[in-house]
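# Topology and contacts: notes
Here are the chains, one letter per residue:
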Amino acid sequence: MRLNNIDVAQLETAVRTAKAGTKNTRMVQKVPVEWQTAEGAPQFRSIASYAGGQLVMETDMSKDMGGGGLLPGPMRFAFFGLAASYAGAFAQAVSLMGLELHQFTLTVEAPMNMARTYGASDAPIFEEVRFTISVKSNASKEQLAQAQSLALERAPGVYALRAPLKVTSQLEVIA
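This is a predicted model, so every value here is computed, not measured. Every residue gets a number counted from 1 within its own chain, in the order that chain's sequence is written. Note on the predicted model: pLDDT of at least 70 is required for a residue's local features to be given, and 80 or more for side-chain atom pairs to be given and counted; whole-chain, interface and lining totals, by contrast, use all residues. The side-chain values count all of the structure's non-hydrogen atoms but skip hydrogen atoms and water molecules.

A few words on the overall build of the chain. Helix and strand counts for the chain come out as four helices and seven strands. Secondary structure elements are defined from DSSP: runs of H or I of at least 4 residues count as helices, runs of E of at least 2 residues count as strands, and each element is numbered from the N terminus. Taken from the N to the C terminus, the helices and strands of the chain come in the order β-β-α-β-β-β-α-β-β-α-α. By principal-axis analysis of the C-alpha atoms, the chain measures approximately 55 × 35 × 30 Å. Residues classed as buried in the chain amount to 22% of the 175 residues present. Should any heavy atoms of two residues lie within 4.5 Å, those residues are considered in contact. In the chain, once contacts between residues fewer than 6 apart in sequence are set aside, the share between residues at least 24 apart is 47%. Total accessible area on the chain stands at roughly 13,000 Å², and carbon and sulfur atoms take up 54% of it. For the chain, the separation between the mean place of its 16 positive charges and that of its 15 negative charges on side chains is 8 Å. To sort residues, take the accessible area from a 1.4 Å probe on protein chains only and compare it with the maximum for the residue type: under 20% means buried, over 50% means exposed, and anything in between is partly exposed. Computed with a 1.4 Å probe, the accessible areas rest on the Shrake-Rupley method; for each residue, only the protein chains presented here act as cover. By the counting scheme adopted, Arg and Lys are positive, Glu and Asp are negative, and His together with the chain ends is not counted. The location of each charge is read from NZ of Lys, CZ of Arg, CG of Asp or CD of Glu.

Rendered as C-alpha coordinates:
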(Lines give C-alpha, C1' and ligand atoms only; values in the text may rest on other atoms or scores of the structure.)
Protein backbone atom coordinates (compact mmCIF):
# COMPACT_ATOMS: atom_id res chain seq x y z
CA MET A 1 0.00 0.00 0.00
CA ARG A 2 1.25 3.45 -0.90
CA LEU A 3 0.41 6.36 1.36
CA ASN A 4 1.87 9.85 0.93
CA ASN A 5 4.10 8.51 -1.87
CA ILE A 6 5.63 6.02 0.60
CA ASP A 7 5.47 2.25 0.06
CA VAL A 8 4.31 1.58 3.61
CA ALA A 9 4.39 -2.23 3.34
CA GLN A 10 7.98 -2.18 2.10
CA LEU A 11 8.98 0.33 4.80
CA GLU A 12 7.28 -1.74 7.52
CA THR A 13 9.15 -4.86 6.35
CA ALA A 14 12.47 -2.99 6.46
CA VAL A 15 11.71 -1.65 9.94
CA ARG A 16 10.68 -5.11 11.22
CA THR A 17 13.78 -6.86 9.86
CA ALA A 18 16.07 -4.08 11.14
CA LYS A 19 14.58 -4.36 14.64
CA ALA A 20 14.90 -8.16 14.52
CA GLY A 21 18.55 -7.79 13.58
CA THR A 22 18.09 -9.76 10.35
CA LYS A 23 18.66 -6.83 8.01
CA ASN A 24 22.05 -5.39 7.22
CA THR A 25 21.43 -1.74 8.00
CA ARG A 26 24.95 -0.56 7.15
CA MET A 27 25.89 1.09 3.88
CA VAL A 28 28.51 3.49 2.58
CA GLN A 29 27.61 6.81 0.98
CA LYS A 30 30.29 7.69 -1.58
CA VAL A 31 30.14 10.75 -3.82
CA PRO A 32 33.07 11.33 -6.18
CA VAL A 33 33.30 15.00 -7.21
CA GLU A 34 35.47 16.17 -10.10
CA TRP A 35 36.79 19.72 -10.26
CA GLN A 36 36.25 21.17 -13.73
CA THR A 37 39.21 23.21 -14.99
CA ALA A 38 37.69 24.41 -18.30
CA GLU A 39 36.87 28.12 -18.37
CA GLY A 40 33.14 28.77 -18.36
CA ALA A 41 32.25 25.33 -16.99
CA PRO A 42 30.66 24.76 -13.58
CA GLN A 43 33.42 24.05 -11.06
CA PHE A 44 32.09 20.78 -9.66
CA ARG A 45 30.69 17.73 -11.41
CA SER A 46 29.55 14.40 -10.04
CA ILE A 47 27.70 11.42 -11.44
CA ALA A 48 25.34 10.01 -8.87
CA SER A 49 24.33 6.40 -9.45
CA TYR A 50 21.05 5.10 -8.04
CA ALA A 51 18.80 2.09 -8.58
CA GLY A 52 17.08 3.73 -11.57
CA GLY A 53 20.20 4.98 -13.36
CA GLN A 54 22.56 7.92 -13.05
CA LEU A 55 22.21 11.66 -12.55
CA VAL A 56 24.82 14.25 -13.50
CA MET A 57 25.09 16.83 -10.73
CA GLU A 58 26.91 20.12 -11.24
CA THR A 59 27.44 23.13 -9.02
CA ASP A 60 29.46 26.34 -9.13
CA MET A 61 30.57 28.64 -6.36
CA SER A 62 29.28 32.19 -6.22
CA LYS A 63 31.39 34.97 -7.72
CA ASP A 64 32.56 36.23 -4.32
CA MET A 65 33.88 32.71 -3.65
CA GLY A 66 35.83 32.67 -6.91
CA GLY A 67 33.26 30.87 -9.02
CA GLY A 68 31.18 32.02 -11.91
CA GLY A 69 27.84 31.74 -10.14
CA LEU A 70 26.68 29.60 -13.08
CA LEU A 71 24.64 27.21 -10.94
CA PRO A 72 23.51 27.00 -7.32
CA GLY A 73 26.49 26.69 -4.98
CA PRO A 74 27.55 23.55 -3.10
CA MET A 75 25.77 24.57 0.11
CA ARG A 76 22.43 24.55 -1.76
CA PHE A 77 22.98 20.88 -2.53
CA ALA A 78 24.02 20.19 1.07
CA PHE A 79 20.90 21.88 2.42
CA PHE A 80 18.69 20.24 -0.21
CA GLY A 81 19.99 16.87 1.03
CA LEU A 82 19.46 17.90 4.65
CA ALA A 83 15.91 19.10 3.97
CA ALA A 84 15.06 16.02 1.90
CA SER A 85 16.43 13.73 4.63
CA TYR A 86 14.30 15.38 7.31
CA ALA A 87 11.21 15.67 5.09
CA GLY A 88 11.53 12.00 4.14
CA ALA A 89 11.78 10.94 7.77
CA PHE A 90 8.72 13.05 8.60
CA ALA A 91 6.69 11.58 5.70
CA GLN A 92 7.75 8.07 6.74
CA ALA A 93 6.70 8.66 10.35
CA VAL A 94 3.32 10.08 9.33
CA SER A 95 2.75 7.22 6.87
CA LEU A 96 3.68 4.53 9.41
CA MET A 97 1.05 6.11 11.69
CA GLY A 98 -1.49 5.62 8.86
CA LEU A 99 -2.11 9.35 8.46
CA GLU A 100 -2.51 11.30 5.23
CA LEU A 101 -0.52 14.29 4.08
CA HIS A 102 -2.63 16.49 1.82
CA GLN A 103 0.05 19.15 1.50
CA PHE A 104 3.56 19.22 2.93
CA THR A 105 6.50 21.55 2.52
CA LEU A 106 9.64 21.87 4.56
CA THR A 107 12.03 24.81 4.59
CA VAL A 108 15.52 24.73 6.03
CA GLU A 109 17.47 27.87 6.80
CA ALA A 110 20.77 28.52 8.47
CA PRO A 111 22.33 31.96 8.85
CA MET A 112 25.95 31.82 7.65
CA ASN A 113 29.01 33.81 8.73
CA MET A 114 31.46 33.47 5.84
CA ALA A 115 34.38 35.14 7.71
CA ARG A 116 35.96 31.75 8.56
CA THR A 117 35.68 30.64 4.92
CA TYR A 118 37.74 33.67 3.88
CA GLY A 119 40.30 33.05 6.64
CA ALA A 120 39.27 36.29 8.38
CA SER A 121 37.99 34.75 11.64
CA ASP A 122 37.62 31.58 13.67
CA ALA A 123 33.92 32.31 14.24
CA PRO A 124 31.55 29.44 13.49
CA ILE A 125 30.15 29.40 9.97
CA PHE A 126 26.82 28.05 11.25
CA GLU A 127 25.37 28.45 14.71
CA GLU A 128 21.83 27.30 14.07
CA VAL A 129 19.78 25.34 11.56
CA ARG A 130 16.03 25.94 11.51
CA PHE A 131 13.36 23.79 9.90
CA THR A 132 9.82 24.95 9.21
CA ILE A 133 7.24 22.29 8.43
CA SER A 134 3.98 23.37 6.80
CA VAL A 135 1.45 20.58 6.61
CA LYS A 136 -2.20 20.01 5.80
CA SER A 137 -3.34 16.61 7.03
CA ASN A 138 -6.11 14.53 8.55
CA ALA A 139 -3.81 14.11 11.56
CA SER A 140 -4.13 16.02 14.81
CA LYS A 141 -1.48 18.57 15.80
CA GLU A 142 -0.32 16.14 18.51
CA GLN A 143 0.16 13.33 15.98
CA LEU A 144 2.07 15.64 13.65
CA ALA A 145 4.25 16.80 16.57
CA GLN A 146 5.02 13.14 17.34
CA ALA A 147 6.03 12.58 13.71
CA GLN A 148 8.16 15.74 13.85
CA SER A 149 9.95 14.45 16.96
CA LEU A 150 10.58 11.04 15.37
CA ALA A 151 11.91 12.69 12.20
CA LEU A 152 14.35 14.83 14.22
CA GLU A 153 15.64 11.65 15.90
CA ARG A 154 15.84 9.48 12.78
CA ALA A 155 16.72 11.64 9.78
CA PRO A 156 20.32 10.81 8.75
CA GLY A 157 21.03 14.40 7.70
CA VAL A 158 19.89 15.81 11.04
CA TYR A 159 21.81 13.13 12.91
CA ALA A 160 24.99 14.07 11.02
CA LEU A 161 24.63 17.65 12.25
CA ARG A 162 24.09 16.68 15.87
CA ALA A 163 26.48 13.78 16.41
CA PRO A 164 30.21 14.23 16.74
CA LEU A 165 31.69 12.60 13.66
CA LYS A 166 35.22 11.62 12.84
CA VAL A 167 36.23 13.62 9.75
CA THR A 168 39.35 12.63 7.86
CA SER A 169 40.92 13.68 4.58
CA GLN A 170 43.28 11.53 2.54
CA LEU A 171 45.53 13.13 -0.07
CA GLU A 172 46.40 11.11 -3.18
CA VAL A 173 48.96 12.81 -5.43
CA ILE A 174 48.59 11.69 -9.04
CA ALA A 175 51.91 11.17 -10.79
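What follows is about the sheet that holds strand β5 (residues 53-59). Between any two strands, pairing holds if DSSP finds at least two bridges. Ordered by their spatial adjacency, three strands build an open sheet running β3-β4-β5, and the pairing between neighbours is antiparallel. The two strands at the open ends of the sheet, each matched to only one other strand, are β3 (34-35) and β5. Relative to strand β4 (residues 44-50), β3 runs antiparallel, the two being bridged by two bridges. Within the sheet, the bridge partner assigned to Glu34 lies in β4 and is Arg45.

Let us look at helix α2 (residues 74-96). To estimate the expected span of a helix, count its residues, drop one, and scale the result by 1.5 Å. Between the first and last C-alpha of α2 there are 33 Å, a value that for 23 residues agrees with the 33 Å anticipated at 1.5 Å per step. Along α2, the residues classified as buried are Phe79, Leu82, Ala83, Ser85, Tyr86, Ala87, Ala89, Phe90, Ala91, Ala93, Val94 and Ser95. One or two residues past the end of α2 sits Gly98, with phi positive at roughly 80°.

Time to look at unusual backbone geometry. Phi at Asn4 takes a positive value of approximately 60°, unusual for a residue other than glycine. As for its placement among the helices and strands, Asn4 is situated in the loop between β1 (2-3) and β2 (6-7). Non-glycine residue Asn5 carries a positive phi angle of around 65°. Tracing the chain through its elements places Asn5 in the loop between β1 and β2.

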